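For reference, the chains in residue letters:
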Amino acid sequence: MILNSLFDSEPIALHLPDADISYFPDFFEQQKAEELFKALKEETPWQQDDIRVYGRIYPQPRLTALYGNQGLSYSYSNIKMNPHPWTTLLKEIKNKIEILTKVEFSTVLLNYYRNGNDSNGWHADNEKELGINPIIASLSFGANRQFQLKHNSDKNLKKNIILENGSLLLMKGTTQECWKHQIPKTTKPTEARINLTFRIIK
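Just so it is clear, the structure is predicted and the values come from calculations on it, not from any experiment.

Focus on the overall build of the protein chain
- In terms of helices and strands, the protein chain carries three helices and 15 strands.
- Taking 17 Å as the expected radius of gyration for a compact globule of 202 residues, we find that the protein chain reaches 16 Å, a close match to that expectation.
- Taking the principal axes of its C-alpha atoms as reference, the protein chain extends roughly 45 × 40 × 35 Å.
- Looking at the protein chain residue by residue over its 202 residues, the buried ones come to 50%.
- Partitioning the intrachain contacts of the protein chain with sequence separation of at least 6 by distance along the chain shows that 72% fall at a separation of at least 24.
- A total of about 10500 Å² of accessible surface is found on the protein chain, and carbon and sulfur atoms cover 49% of it.

Here it is as C-alpha cells:
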C-alpha cells in the first residue's frame, strides 16, 4: 500500500500555555484513512493486558499492540510491552510522519477502541524511557472520539477536541510535563477507532 509523501492539511495550533500542540485534521484523506483502518484492524496482533487500579486488577479497557526497533521495550501502568518488528505498512505511515516532523521515531503504540465503552484514562506520556519533553505523534483512524486535556496545576485550564478519522495530533515541548489527557468513555453509539502514537524511546 503506497502512501502519498505529502500531508494533506495545514496544522491548527491549540495555543495552550505550557504546551506545544498542533492538529492536522486531514493528514490522510478519508478513503485512504478507511483503508488503513481496515488493514490495521485485521493485521494487528491485538492484546488485552490487565491493569491495577487502587489495588484491584481489571482488563485494560481497549486492545493494544507495540511495534518498534528491536530491543526497545515500553512500560506504562505496570505493563511491560516488547515490540513486534515494523511492518511494511507501519514503516510507510511512520515515514510520512517523519517527513512532516523531521524526527525519527523508534516505536509506535497502537490502541484499538472497539466501542464507546473502551477508553484511556487521565495520564501523561511521561515515562522515563521517553526522556524530557518527548514528541508524541498521534494518528486516528475510524470513529471520531473526544480528546480531553487538563493542566496539572491550573484547574481552569481545560481543552476538549474531536480527533477525526485520518487526523494527526502532534504534542511537543512541555506538554507531557504540564498537562494530562484522556479518551473518555461515551454512552453515545460509536464505531471502532484505532489510534497510533509514535514516540522515541531513549
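Regarding the sheet that holds strand β12 (residues 158-163)
- Spatial ordering of the open sheet is given by β9-β14-β11-β12, a layout of four strands whose pairing is antiparallel. Bordering the open sheet on either side are β9 (120-123) and β12, each of which pairs with just one other strand. Taken pair by pair, the neighbouring strands of this sheet meet at an average axis angle of 15°, ignoring direction.
- In this sheet, β12 lies alongside strand β11 (residues 145-151) in antiparallel orientation, the contact comprising six bridges. Opposite Lys150, over in β12, you have Lys158 as the bridge partner.

A word on the pairing of strand β2 (residues 20-24)
- Burial analysis of β2 places four of its five residues in the buried class, which makes it a mostly covered element.
- A loop of six residues connects strand β1 (residues 12-13) with β2, the two strands running antiparallel in sequence, and His15 in this loop sits at a positive phi of about 55°.

Rules behind the numbers
Residues numbered from 1 in each chain as written. Predicted model: local features only at pLDDT ≥ 70, side-chain atom pairs only at ≥ 80, totals over all residues. Heavy atoms only, no water. Helix = DSSP H or I, 4+ residues; strand = E, 2+ residues; numbered from the N terminus. Rg over C-alpha atoms; globule rule 2.2 N^0.38 Å. Buried < 20%, exposed > 50% of the residue type's maximum accessible area, 1.4 Å probe, protein only. Contact = heavy atoms within 4.5 Å. Areas by Shrake-Rupley, 256 points an atom, 1.4 Å probe, with all protein chains shown as cover. Pairing = 2+ DSSP bridges. Axes fitted to C-alpha atoms, helices over the stretch in contact; angles between N-to-C directions.

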